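# Breakdown of the fold
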Amino acid sequence: MRFAIRVKPGAKRDFVGGEHAGALIVSVKAPAVEGKANEAVRKVLAKELGVRGRDLVVVQGERGRDKIIELDAAPAGIEDVLSALRQR
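Described in the following lines is the structure provided in the data block. (Residues numbered from 1 in each chain as written. Predicted model: local features only at pLDDT ≥ 70, side-chain atom pairs only at ≥ 80, totals over all residues. Heavy atoms only, no water.)

### Overview of helix 1 (residues 36–49)
In this model helix 1 runs 20 Å from its N-terminal to its C-terminal C-alpha over 14 residues, within 8% of the 20 Å that 1.5 Å per residue would give. The complete set of buried residues in helix 1 reads Ala37, Asn38, Ala40, Val41, Arg42, Val44, Leu45, Ala46 and Leu49. Positive backbone phi, approximately 75°, marks Gly50, located one or two places after helix 1. (Helix = DSSP H or I, 4+ residues; strand = E, 2+ residues; numbered from the N terminus. Expected span 1.5 Å × (residues − 1). Buried < 20%, exposed > 50% of the residue type's maximum accessible area, 1.4 Å probe, protein only.)

Shown next as structure tokens:
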């Protein structure tokens, strides 16, 4: 399954929640330097979604704020989890 996210690097804390133009907002403390923010995004999203970080792949937007994430072997009910996170 694929879904869109909007990354906010350099935030005060790691947080997943909210929506920006249909994309899930992911705030991370890591700076947008040398892939550090992308790695932080994978870790934070994996924790919130209850999956392994390596199951999340950035398939589009590696160097931008707007990204498309692909989740291999999505667990049952993941759509409900994503919907709840957008409502935070």
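### Section: helix 2 (residues 78–87)
Ile78, Leu82 and Leu85 are the residues of helix 2 that are buried. Buried residues of helix 2, seen end-on, are gathered within an arc of 60° and therefore sit on one face of the element. Opposite its buried face, helix 2 presents the exposed residues Asp80 and Gln87, each directed more than 90 degrees away. Buried residues belonging to helix 2 abut strand 1 (2–8), strand 2 (15–20), strand 3 (23–27), helix 1 and strand 5 (66–71). (Arc of directions from axis to C-beta. Contact = heavy atoms within 4.5 Å.)

By themselves, these are just geometric observations and shouldn't be taken as functional.
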